[in-house]
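# An overview of the molecular structure
So you can see what is in the structure, the chains are spelled out below.
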Amino acid sequence: MKILVINGPNLARLDIRDSSIYGDLNYKELVMLIESSAKSNGFEADVRQSDDEATIIGWLHEAADANTPVIINPAAFTHYSYAIRDAAELVKAPLIEVHLSNPMAREEFRHTSVISGVATGTIAGFGPNSYALACVALKNLLK
Ligand code: DQA
């Protein structure tokens, strides 16, 4: 089964972001980890990244139309994009929100997620392993 993995703004630049917060993997390595975690759980992951809100909304519409399960790290959009929230709400297959860091343990503006209320669940704070845990969660939800 196909799953769509959506990564939001600045995640393609993990190579220059703070590794003490986001971990040691660069984006290419993160994609490889996601693809192999998906495979071990019986999924084929279509992993995409965009810095653009409209592009992410279009991908969520695509998942809603095709009834594709979604893993999404909305990055900074997590905290204020009502448009991404409304698009995520259209996805009727499971949708898991993931974060590399634990936003609740960081600056106050990161304590709000406008996405969590429409996500099946949220996994945060486990570094790249957050995505692997999300694949396990999806497998359990879909069996
Ligand atoms: C993030 C957390 C967000 O607050 C931040 O803006 C990001 C990444 C994470 O994966 O930890 O860009 O979503």
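Higher on the page you've got the structure.
Residues numbered from 1 in each chain as written. Predicted model: local features only at pLDDT ≥ 70, side-chain atom pairs only at ≥ 80, totals over all residues. Heavy atoms only, no water.

## Considerations on the overall build of the protein chain
What counts, and what does not: Secondary structure elements are taken from DSSP: a helix is a run of H or I of four residues or more, a strand is a run of E of two residues or more, and numbering for both begins at the N terminus. The atom set for the radius of gyration is the C-alpha atoms, and the globule formula is 2.2 Å times the number of residues raised to the power 0.38. Buried, partly exposed and exposed residues are distinguished by accessible area as a fraction of the type maximum, computed with a 1.4 Å probe on protein chains only: under 20%, between the cut-offs, and over 50%, respectively. Contact between two residues is taken to exist if any of their heavy atoms lie within 4.5 Å; hydrogens are not considered. Accessible areas in this description were obtained via Shrake-Rupley with a 1.4 Å probe; residue shielding takes into account the shown protein chains only.
The helix and strand tally for the protein chain stands at 5 helices and 5 strands. Along the protein chain, helices (α) and strands (β) appear in the sequence β-α-α-β-α-β-α-β-β-α when read from the amino end. Against the 2.2 N^0.38 benchmark of 15 Å for 143 residues, the protein chain shows a C-alpha radius of gyration of 14 Å, consistent with a compact globule. When its C-alpha atoms are laid out on the principal axes, the protein chain stretches across 35 × 30 × 25 Å. When the 143 residues of the protein chain are sorted by exposure, 48% land in the buried category. In the protein chain, once contacts between residues fewer than 6 apart in sequence are set aside, the share between residues at least 24 apart is 76%. With an accessible surface of roughly 7,000 Å², the protein chain has 52% of that area assigned to carbon and sulfur atoms.

## Some remarks on the site of the ligand
For clarity, the threshold we go by: Note on terminology: near, applied to a residue and a molecule or strand, indicates that one of the residue's heavy atoms is within 4 Å of it. Distance and chemistry together define a polar contact, namely a pair of N or O atoms within 3.5 Å, with one atom able to donate a hydrogen and the other to accept it when in protein, and with adjacent residues in sequence counting only for side-chain atoms on both sides. Both cavities and pockets are sets of points on a 1 Å grid over the protein atoms alone; in a cavity a 1.4 Å probe fits but cannot get out, in a pocket the set is open with protein on both sides within 12 Å along at least five of seven lines, and lining residues sit with an atom within 4 Å of a point. Pocket occupancy is defined atom-wise: a molecule lies in a cavity or pocket when more than half of its atoms are within 2 Å of its grid points. We call Asp, Glu, Lys and Arg charged. Ala, Val, Leu, Ile, Met, Phe, Trp, Tyr, Cys and Pro are nonpolar, and the rest, Gly among them, are polar.
Around the ligand sit Arg-17, Tyr-22, Asn-73, Ala-75, Ala-76, His-79, His-99, Leu-100, Ser-101, Arg-106 and Arg-110, and those are all the residues in its vicinity. Here Ala-76 contributes a backbone N or O atom positioned 3.2 Å from an oxygen atom of the ligand. A molecule is said to occupy a pocket when more than half its atoms come within 2 Å of that pocket's grid points, and by this definition the ligand occupies the largest cavity. Taken together, the residues of the shell around the ligand sort by class into 4 nonpolar, 4 polar and 3 charged.

## Quick word on the packing of helix 2 (residues 27-40) against helix 5 (residues 129-142)
Which entries qualify depends on this criterion: To define axes, lines are fitted to C-alpha atoms, for helices over the stretch in contact only, and angles between the resulting N-to-C directions are given on a 0 to 180 degree scale. Note on terminology: angles under 35 degrees are roughly parallel, angles over 145 are roughly antiparallel, angles of 65 to 115 are roughly perpendicular, and the others are oblique. In this scheme the handedness of a crossing depends on how the near helix is turned from the far one: anticlockwise by less than a right angle means left-handed, clockwise means right-handed.
It is the contact of helix 2 with helix 5, at a shortest axis distance of 9 Å, that shows an interaxial angle of 20°. One finds that helix 2 runs roughly parallel with respect to helix 5. Seen along the crossing, helix 2 lies across helix 5 with a hand that is right-handed. Packed against helix 2, whose contacting residues are Leu-30, Ile-34, Ser-37 and Ala-38, the element helix 5 presents Tyr-131, Ala-132 and Cys-135 at the interface. Of the residues belonging to the contact of helix 2 with helix 5, the class tally is 6 nonpolar, 1 polar and no charged.

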